[in-house]
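Secondary and tertiary structure notes
Here are the chains, one letter per residue:
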Amino acid sequence: MLKNRLIALSAASFLAFACEEGVFCTQEFRSVGFNWTGASLPDSVYTVNARTGDTLTALDKGYETYFAVVDDSHIKSLSTEGDSLKTTVLDSTGAVLASVWYVVGRDSCHIVFRSGPEFLP
């Protein structure tokens, strides 16, 4: 019984680590992105935060047809209200395949998707 309590307490402590006091975060790592439906896959995707002018690089470089625009690694770069993020998709020659806007905010633990396309082009 004591062992189970210690395990539960350890798990709760781990989840709360690096969060605001009184906030318990999940261990998931969130990303916002799109599924590419075009014939050939994009070569690169980059995102600029309109509020700060910073270029955000997602840790994920694409998985099959999914490309992340922003992820939890950018939580401190985003406002709680949500920032407008201009995402540009390029082919291998640098030609623009798509240019779209996302609005992504944050809470105490994760990024929060507000609006933007799920599928491109």
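Considering the packing of aromatic side chains
Applying the stated rule across the entire model yields 2 aromatic pairs. Between F34 and W36, the ring centres sit 6.2 Å apart and the planes meet at 65°, which makes this aromatic pair edge-to-face. We classify F34 as buried; its relative accessible area is 0%. Each ring, one from F34 and one from F67, has its centre 5.7 Å from the other, and the planes form 20°; the classification is stacked. Of this pair, F34 sits in strand 1 (residues 31-36) while F67 sits in strand 4 (residues 66-71), and the two are 33 residues apart along the sequence. Taking the relative accessible area as the measure of exposure, F67 reaches 8% and is therefore buried. Site record: aromatic cluster; members linked through ring pairs are F34, W36 and F67.

Some remarks on the state of the cysteines
On inspection of all chains with the given rule, the structure shows 1 disulfide. Disulfide pairing places C25 opposite C109 at an S-S distance of 1.8 Å. Here the disulfide of C25 and C109 is left-handed, its torsion about the S-S bond being about -70°. One end of the pair, C25, is in the loop between helix 1 (2-16) and strand 1; the other, C109, is in the loop between strand 6 (96-106) and strand 7 (111-115), with 84 residues separating them in the sequence. What makes C25 buried here is its relative accessible area of 7%. C109 sits in the buried class, given a relative accessible area of 18%.

Overview of the environment of F67
Through-space distance from the C-alpha of F67 to that of V45 is 7.7 Å; in sequence the pair is 22 residues apart. Excluding residues that lie within four positions of it along the chain, F67 makes contacts with G33, F34, W36, L41, P42, V45, K61 and G62.

Considerations on the sheet that holds strand 1
Taken in spatial order, the 3 strands of this open sheet run 4-1-8, and their pairing is mixed. Looking at the sheet topology across the chains shown, the edges are occupied by strand 4 and strand 8 (119-120). The sheet contact formed by strand 1 and strand 8 spans 2 bridges and is parallel. Paired with N35 across the bridge in strand 8 is F119.

A word on the side chain of N49
For N49, the position within the fold is in strand 2 (residues 44-49). Only 3.5 Å separates the side chain of N49 from the backbone oxygen of S77, close enough to count as a polar contact. Those residues in contact with N49 that sit more than four places away from it in its chain are D54, L56, S77, L78, D83, S84 and L85.

How each quantity is defined
- Residues numbered from 1 in each chain as written.
- Predicted model: local features only at pLDDT ≥ 70, side-chain atom pairs only at ≥ 80, totals over all residues.
- Heavy atoms only, no water.
- Phe/Tyr/Trp six-rings, centres within 6.5 Å; stacked < 30°, edge-to-face > 60°.
- Buried < 20%, exposed > 50% of the residue type's maximum accessible area, 1.4 Å probe, protein only.
- Helix = DSSP H or I, 4+ residues; strand = E, 2+ residues; numbered from the N terminus.
- Disulfide = S-S within 2.5 Å.
- Contact = heavy atoms within 4.5 Å.
- Pairing = 2+ DSSP bridges.
- Polar contact = N/O pair within 3.5 Å; in protein donor to acceptor, adjacent residues only side chain to side chain.

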